[in-house]
Amino acid sequence: MSHFLVRKVAVLGAGVMGAQIAAHCVNAKVKVVLFDLPAPQGPKNGIVLGALDRLKKLSPAPLANEEDVAHIEAANYEDDLARLGDCDLVIEAIAERLELKHQLYAKVAPFLAPHAIFASNTSGLPLARLAEGFPAELAERFCGVHFFNPPRYMHLVELIANARTRPAILDDLESFLTRVLGKGVVRAFDTPNFVANRVGTFAILATLAEAERFGLGIDVVDDLVGTRLGRAKSGVFRTADVVGLDTLGHVIGTMQSALADDPFHALYTVPKTLARLIEAGALGQKSGAGFYKKVGKDILKLDPKTGDYVPSGAKADDEVAAILKQKDPRARLRQLHDSKNPQAQFLWAVLRDEFHYAAYHLAGIASSARDVDFALRWGFGWTFGPFETWQAAGFHEVANLVKADIDAGTALTRAPLPDWVFGKDVTEARGVHTPEGSYSPKTNSFVPRRDLPVYRRQVFRASLLGESANPESAGRTVFEDDSVRAWALDDDSLVLSLKTKMHVIGAGVTAGIARAVDEAERNFGSLVVWSPGEPFSAGADLKGMMPLFMSGGVAALEAQEKALQDALLRVRYAEVPVVAALAGLALGGGCELALACARRVAHVESYVGLVEVGVGLIPGAGGLLYGARRAAEEHALAPDTPLLAFLKKYFLNAAMANVSKSAFEAQRMGYLLPSDAVVMNVHELFGGALGVARGLAGSGYRPPLKLKGFRVAGRSGTATILGQLVNMREGGFISEHDLHLGRTIATILCGGDVEAGSLVDEAWMYGLERKAFTSLLMHPKSQERIVGMMQDGKPVRN
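None of the values given here were measured: they were computed from a predicted structure.

A. Broad picture of the pattern of salt bridges. For the structure on display, the rule yields 57 salt bridges. Here D262 and R198 are joined by a salt bridge, their closest N and O atoms 3.3 Å apart. With D262 in the loop between α10 (245-258) and α11 (272-279) and R198 in helix α7 (residues 196-214), this pair connects stretches of sequence that are 64 residues apart. On the basis of relative accessibility, which here comes to 8%, the residue D262 falls in the buried class. E210 serves as the salt-bridge partner of R213, at 3.2 Å between the closest nitrogen and oxygen. Residue R213 and its partner E210 are both found in helix α7; the two are separated by three residues, about one turn of the helix. Look at R213 and you get partly exposed, because its relative accessible area is 44%. Classification of E210 by relative accessible area gives buried; the value is 0%. Each member of the salt-bridge network shares a partner with another, and the members are E210, R213, R352, D353 and D405.

B. Representation of the sheet that holds strand β21 (residues 677-679). The seven strands are arranged β15-β16-β17-β18-β19-β20-β21 in an open sheet whose pairing can be described as mixed. Each edge of the open sheet is held by one strand with a lone partner, namely β15 (476-480) and β21. Pairwise comparison of adjacent strand axes, ignoring direction, gives a mean angle of 25° for this sheet. As paired strands, strand β16 (residues 484-488) and strand β17 (residues 493-498) are joined by four bridges and run antiparallel to one another. Its bridge partner being in β17, W487 is matched across the sheet by V495.

C. Here's a closer look at the packing of α7 against helix α14 (residues 342-365). It is the contact of α7 with α14, at a shortest axis distance of 9 Å, that shows an interaxial angle of 150°. In terms of orientation, α7 lies roughly antiparallel with respect to α14. Regarding α7 and α14, the two cross each other, and that crossing is right-handed. From α7, R198, V199, F202, A203, A206, T207, E210, A211, R213 and F214 reach across to α14, where they touch P342, Q345, F346, A349, V350, R352, D353, E354, Y357, H361 and I365. A breakdown of the residues in the contact of α7 with α14 according to their chemical character gives 12 nonpolar, three polar and six charged.

D. Quick peek at the packing of helix α22 (residues 643-655) against helix α26 (residues 736-749). Two elements in contact, α22 and α26, have axes whose closest approach is 10 Å; the angle formed by their N-to-C orientations is 145°. Relative to α26, the crossing made by α22 is right-handed. Contacts from L647, Y650, F651, A654 and A655 of α22 reach α26 at G742, I745, A746 and L749. In the contact of α22 with α26, the residues fall into eight nonpolar, one polar and no charged.

E. Region of the structure containing a positive patch on the surface. There is a patch of like positive charges on the surface, built from K233, R238, K315 and K794. Accessibility expressed as a relative area gives 75% for K233, which makes it exposed.

F. Spatial organisation of the side chain of E665. Assignment of secondary structure puts E665 in helix α23 (residues 663-669). It is R668 that comes nearest to the buried, bridge-free E665 among opposite-charge side chains, at 4.1 Å. In this view, E665 contacts A64 and S660; residues no more than four positions away in its chain are not counted.

G. Representation of the sheet that holds strand β9 (residues 292-295) within the structure. Spatially, three strands are ordered β9-β10-β11 in an open sheet, and the strand pairing comes out antiparallel. Every interior strand has two partners, whereas the edge strands, β9 and β11 (309-311), have only one. Taken pair by pair, the neighbouring strands of this sheet meet at an average axis angle of 40°, ignoring direction. Bridge count for strand β10 (residues 298-302) against β11 is three bridges, and the pairing is antiparallel. Looking at the pairing, L302 lines up with Y309 of β11.

H. Up close: the nonpolar core. Core analysis: the biggest nonpolar cluster contains 111 residues, and F118, F291, F387, W390 and W420 have the highest contact counts within it. A per-element tally of this core places α14 first, with 12 residues. Among residues more than four places away in sequence, those in contact with F118 are L12, V90, E92, Y105, V108, L112, F134, L138, R141, F142 and C143.

I. The arrangement of helix α20 (residues 589-596) in detail. Within α20, eight of the eight residues are buried, which leaves it mostly tucked inside the rest of the structure. Within α20 the residues assigned to the buried category are G589, G590, C591, E592, L593, A594, L595 and A596. Against α18 (507-523), β18 (526-529), α19 (542-572), β19 (578-587), β20 (599-609) and α21 (623-637) lie the buried residues of α20.

J. Focus on the packing of aromatic side chains. For the structure on display, the rule yields 27 aromatic pairs. Seen in terms of ring centroids, Y105 and F142 are 5.8 Å apart; in terms of plane orientation they differ by 65°. Their pairing is edge-to-face. Residue Y105 is found in helix α3 (residues 98-108), and its partner F142 is found in strand β6 (residues 142-147); the two are separated by 37 residues along the sequence. For the residue pair Y105 and F142, the accessibility class agrees, reading buried in each case. Here F264 and Y360 contribute two aromatic rings whose centre-to-centre distance is 6.0 Å and whose plane-to-plane angle is 70°, an arrangement assigned as edge-to-face. Of this pair, F264 sits in the loop between α10 and α11 while Y360 is found in helix α14, placing the two residues 96 residues apart along the sequence. Given a relative accessible area of 3%, F264 falls into the buried group. Taken together, the ring pairs in this structure connect F355, F387, W390, F395, W420, Y439 and F446 into an aromatic cluster. The ring of F664 carries the charged tip of K29 above its face, separated from the ring centre by 4.1 Å.

K. Representation of the pairing of β6 in the model. In terms of residue burial, β6 counts as a mostly covered element, since six of its six residues are buried. Here β6 shows no split at all, with F142, G144 and H146 on one side and C143, V145 and F147 on the other all buried. Bridge count between strand β5 (residues 117-120) and β6: three bridges; the pairing is parallel. Bridge pairing links A119 to C143 in β6.

L. Broad picture of the pairing of strand β13 (residues 437-440). Here strand β12 (residues 433-434) runs beside β13; their pairing, made up of two bridges, is antiparallel. The residue bridging H433 from the neighbouring strand is S438, located in β13. Examined bridge by bridge, β13 and strand β14 (residues 445-447) share three bridges and lie antiparallel to one another. The partner of S438 across the bridge, within β14, is V447. In this structure, the hairpin formed by β13 and β14 is closed by a connection of four residues, where N444 is found at a positive phi of approximately 50°.

What counts and how
Residues numbered from 1 in each chain as written. Predicted model: local features only at pLDDT ≥ 70, side-chain atom pairs only at ≥ 80, totals over all residues. Heavy atoms only, no water. Salt bridge = Lys/Arg side-chain N within 4 Å of Asp/Glu carboxyl O. Helix = DSSP H or I, 4+ residues; strand = E, 2+ residues; numbered from the N terminus. Buried < 20%, exposed > 50% of the residue type's maximum accessible area, 1.4 Å probe, protein only. Pairing = 2+ DSSP bridges. Axes fitted to C-alpha atoms, helices over the stretch in contact; angles between N-to-C directions. Parallel < 35°, antiparallel > 145°, perpendicular 65-115°, else oblique. Left-handed = near helix turned anticlockwise from the far one by under 90°. Contact = heavy atoms within 4.5 Å. Nonpolar A, V, L, I, M, F, W, Y, C, P; charged D, E, K, R; others polar. Patch = residues over 30% accessible without salt bridge, like charges linked within 9 Å, V, L, I, M, F, W, Y side chains within 5 Å. Areas by Shrake-Rupley, 256 points an atom, 1.4 Å probe, with all protein chains shown as cover. Lys, Arg positive; Asp, Glu negative; His and termini not counted. Charge placed at Lys NZ, Arg CZ, Asp CG, Glu CD. Core = buried A, V, L, I, M, F, W, Y, C linked by side-chain atoms within 4.5 Å. Phe/Tyr/Trp six-rings, centres within 6.5 Å; stacked < 30°, edge-to-face > 60°. Lys NZ or Arg CZ within 6 Å of the ring centre and 35° of its normal.

See the structure below:
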């Protein structure tokens with residue numbers, strides 16, 4: 001087992017990528033020093049200090065906790081090179097110019113610690129060229145470490161060896177990237193643009209070429225190849241605008257110059273429309289115009305024929321939209337192939353081109369089909385990689401369709417599919433991904449996963465279609481229905497997984513929670529609430545509430561709300577520890593479920609909040625009770641500070657529907673406690689939660705004693721908050737209904753119509769929440785918000 005530790009990282013280059021790599025290191029609580037050139041004027045470290053200041057303004061935020069920017073040390077190449085000797089990992093992230101990198105390497109090499117890994121964040125320059133002139137001992141610990149932008153959010157990091165890199169260096173670095181920075185690592189061959197950018201950029205170019213061939217507008221194309229196809233919502237053209245059209249042009253140029261013998265080379269040319277935009281300085285989002293341009297509130301699209309910007313918003317034809325909704329991947333792909341609709345023909349052509357390209361180049365760019373699929377999923381936001389999509393639709397059936405187009409001359413090139421596609425090893429039944437491993441043309445075998453010790457922390461590793469067991473059916477099922485599945489891997493912990501869409505909480509989930517607690521108390525030592533896939537829970541099932549409301553009125557909904565309150569009380573006072581494993585959204589009722597648990601283990605990208613005011617309601621299952629109780633507990637530790645000072649945070653959280661931008665911010669907001677763990681890698685979340693649950697059970701866990709009462713701020717506290725709300729209303733900052741909701745939240749948090757300092761219990765607070773919740777359901781303004789949210793998913797301001 002490797003014992004390589006990274007205590008401190010140096011990042012060379014404080015540009016967009018360098019500064020954000022440094023930010024993500026500090027997100028993981030790793031010490032980091034950020035270098036750049038000495039500033040020509042002002043403080044020597046002015047360039048770095050400016051970059052650190054910009055980090056706090058970027059969106060999406062590169063820092064999980066903005067205050068942590070103070071832990072990034074600023075340095076320059078003139079005064080501070082000796083500080084490199086304290087660093088275990090040094091990452092170069094300067095401009096993609098070979099001569100500049102070599103100049104920097106010559107400057108820093110004498111100061112590197114003899115054990116330090118030296119890595120370049122190059123996005124496509126050959127490692128062999130970068131390592132030219134290195135002494136053997138430095139070349140052995142030099143490699144490529146290609147982060148994707150933005151580094152905090154993009155799961156992919158590509159590792160690339162040069163010819164002399166020691167294998168242990170890659171293992172050590174992969175372990176650090178996976179465990180500490182929370183990344184998904186793909187090892188790429190030292191070929192131009194490596195794996196993700198090589199195949200992903202080709203997919204962009206193929207989309208542009210096929211869109212022109214079929215005469216489709218850029219807005220239609222983005223609608224077709226976005227979420228409908230299981231890819232980034234922004235599609236291709238809008239994504240290019242976000243990335244920067246000059247950056248895209250640079251990547252294309254790299255492929256054009258370095259891949260002259262590629263049979264797809266004719267496509268490695270900056271399209272005329274793209275070239276004109278770059279020449280005009282219309283570089284996308286950063287310049288205010290690219291393929292799209294925002295004018296006021298309107299988003300205009302480029303008309304390539306005229307060069308003018310015209311209204312956008314065109315969507316996929318109904319016929320094509322219906323095909324893309326098909327659940328059966330074989331039927332879906334076959335219907336796209338057979339359809340006469342130009343949009344369907346366009347989609348088949350794009351997918352065909354991607355299959356053709358990925359198969360043709362697989363042997364040259366990656367060790368197996370697994371690396372290509374993960375690279376596209378983690379680096380480009382695809383739900384499924386090209387080989388997964390191909391395999392799901394029938395490997396040999398699709399291969400024959402692709403071959404027919406190649407033979408007919410309708411594909412982008414007549415280069416044949418490689419022989420292995422039709423070989424005896426990759427059968428129709430098996431495809432390229434199997435439980436034994438993924439196919440490698442180099443070895444003509446199915447390559448298993450790397451079994452580094454770091455991956456033993458992941459109960460369920462990231463899975464590909466056909467390659468590994470499905471966590472949704474893992475373990476022994478204890479009970480299951482349409483809403484939940486309770487299951488176990490052993491006799492220690494029961495696991496409750498939600499099965500509803502977005503893991504929303506309705507009557508079925510509520511009953512499942514209560515039953516799971518009963519089952520865990522009888523037959524297990526702990527209970528873990530975890531569901532395969534995000535989110536933890538998007539909150540209450542609004543759509544499910546409406547039929548209940550129509551059939552039974554407010555009384556029926558009040559009974560359901562009481563059932564949820566009782567279920568969450570069972571969670572809080574369960575005789576076994578209940579641990580929530582959070583990732584993604586934990587909103588409304590999902591937040592309240594997490595708050596009821598004994599502990600929470602959260603992925604860093606957990607977005608937690610009580611957001612009920614967005615639909616004209618208030619937290620009704622203990623969210624406000626939690627805030628009032630926590631404020632009382634905090635006040636008891638600092639009795640000289642007024643109780644209202646502690647309540648303020650919890651009031652603003654609920655009244656403004658604040659949602660944490662990370663797990664660390666959720667800690668500051670009070671939704672996560674100092675005793676709650678935060679993990680960087682989402683694939684370690686379940687194992688971490690199991691470990692916490694078993695640790696609590698093994699150390700004699702006892703539930704908290706049931707509250708006899710806690711102090712509240714009472715009527716005077718409500719009046720103080722209300723005064724501030726009235727000022728906001730008179731200033732036009734909030735609506736009359738916002739004022740009503742704020743008053744209701746303040747009243748409950750302060751304990752209702754009681755004297756300041758009164759003692760109230762959970763039953764009292766639950767009663768206040770339930771009464772207000774059901775009352776608001778009858779309010780016309782709240783009903784408008786509920787209907788608006790269900791219709792278009794956006795909050796109504798009224």
